[in-house]
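The chain contents come next:
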Amino acid sequence: MKFNGFTLAEVLITLAVIGIVCAMTLPVITKKITRADASAKLKKFNSMMANAIILSEQANGPVGEWTAATAENDINTSDFFETYLKLYIKYLKVAFTSDIDSENKRNTLYVYLNDGSVFYFQKGKCVDFTFDVNGLKKPNLSGRDQFIFLLCSDDAAPYWCNGRHWCPYLRSSAGYTKQRKDLLKECKNSPLYCSALLEWDNWEFKNDYPY
């Protein structure tokens, strides 16, 4: 009786081919999953902050009057959080220490969210928020896992948020509306501006996203 089957060499070759295909496709799949997770968290954070500002305005007055944006003086981040945000967002914990960025000033408050992300903020022309989609995990780089948002006063909004008070990092000028090609160029030149590109793309990472 004759049996038809695979030789050991044929099995090994087949397994090797499968391994090569997996090695080629796994990074692509992983990248898509990572970007989809980041996209979902960015949408959630932006929506959470926009809603928190609306609710906080009812108790604390117009957001445009919360800070004096023309002066780049420090703010007490703990007081700012307690006054304007604490009651209006869901979070896990707050802390003044973090491994994310050791160069930050000691008064920087880190707010840890329930989905594993974290944000912290400091005073510039506006209040500059850094949102890190994967918390303490590396690479901790702008445009990759960290994305910048601004909360601007009435004075600063025309120059930094195109007239808005809450926006992704976006420098604007009177009468000038940027198109996607402009935002993509700015993102390539400086990852600080990538959050504005992502907002244009509905917080999705398109194929030409540079990071």
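Below, the structure is looked at part by part.

What counts and what doesn't
- Residues numbered from 1 in each chain as written.
- Predicted model: local features only at pLDDT ≥ 70, side-chain atom pairs only at ≥ 80, totals over all residues.
- Heavy atoms only, no water.
- Core = buried A, V, L, I, M, F, W, Y, C linked by side-chain atoms within 4.5 Å.
- Buried < 20%, exposed > 50% of the residue type's maximum accessible area, 1.4 Å probe, protein only.
- Helix = DSSP H or I, 4+ residues; strand = E, 2+ residues; numbered from the N terminus.
- Contact = heavy atoms within 4.5 Å.
- Pairing = 2+ DSSP bridges.
- Axes fitted to C-alpha atoms, helices over the stretch in contact; angles between N-to-C directions.
- Phe/Tyr/Trp six-rings, centres within 6.5 Å; stacked < 30°, edge-to-face > 60°.
- Lys NZ or Arg CZ within 6 Å of the ring centre and 35° of its normal.

### A closer look at the nonpolar core
Next, step 1: Grouped together as the largest cluster of nonpolar side chains are 39 residues, with contacts concentrated most on Leu-42, Phe-45, Phe-80, Phe-119, Phe-129 and Phe-149.
Next, step 2: For this core, the elements supplying multiple residues, two or more each, are helix H1 (8–60), helix H2 (77–85), strand S3 (118–123), strand S4 (127–132), strand S5 (146–151), helix H4 (180–189) and helix H5 (194–200).
Next, step 3: For Phe-129, the contacting residues outside a window of four places in its chain are Met-49, Phe-80, Leu-85, Phe-119, Tyr-120, Phe-121, Phe-147, Ile-148, Phe-149, Leu-151 and Trp-166.

### Some words on the pairing of S4
Next, step 1: With 5 of 6 residues buried, S4 lies mostly within the body of the structure.
Next, step 2: With 6 bridges joining them, S3 and S4 adopt antiparallel strand pairing. If you follow Val-118 over to S4, its bridge partner there is Asp-132.
Next, step 3: Between S3 and S4, which pair antiparallel and follow one another directly, the connecting turn spans 3 residues.

### With respect to the sheet that holds S4
Next, step 1: Strand order in the open sheet made by the 6 strands is S1-S2-S3-S4-S5-S6, with antiparallel pairing throughout. Edge positions in the sheet fall to strand S1 (93–95) and strand S6 (166–168), since each has one partner strand and no second. Neighbour to neighbour, the strand axes of the sheet diverge by 25° on average, direction disregarded.
Next, step 2: Sheet topology note: the strand S2 (residues 110–112)/S3 ladder contains 3 bridges and is antiparallel.

### Concerning the environment of Ile-148
Next, step 1: Tracing the chain through its elements places Ile-148 in strand S5.
Next, step 2: Between the C-alpha atoms of Ile-148 and Tyr-169, which are 21 residues apart in sequence, the distance is 5.5 Å.
Next, step 3: If we ignore the near neighbours within four places in the chain, the residues touching Ile-148 are Phe-129, Thr-130, Ser-142, Pro-168, Tyr-169, Leu-192 and Ser-195.

### Here's the deal with the packing of aromatic side chains
Next, step 1: Inspection of every chain in the model, using the stated rule, returns 20 aromatic pairs.
Next, step 2: Here Phe-81 and Tyr-91 contribute two aromatic rings whose centre-to-centre distance is 5.3 Å and whose plane-to-plane angle is 80°, an arrangement assigned as edge-to-face. Here Phe-81 is found in helix H2, whereas its partner Tyr-91 is found in the loop between H2 and S1, with 10 residues between them in sequence.
Next, step 3: Their ring planes at 75° and their centres at 6.1 Å tell us that Tyr-209 and Tyr-211 sit as a pair that is edge-to-face.
Next, step 4: With a relative accessible area of 6%, Tyr-209 lands in the buried category.
Next, step 5: On the basis of relative accessible area, Tyr-211 is assigned to the partly exposed category, the value being 24%.
Next, step 6: Ring pairing ties together the aromatic residues Phe-45, Trp-66, Phe-80, Tyr-84, Phe-119, Phe-121, Phe-129, Phe-131, Phe-149, Trp-166 and Trp-203, which thus form one cluster.
Next, step 7: The cationic tip of Lys-93 hangs over the ring face of Tyr-112; the distance from NZ or CZ to the ring centre is 4.8 Å.

Such coordinate-based values are descriptive only and should not be taken to indicate function.
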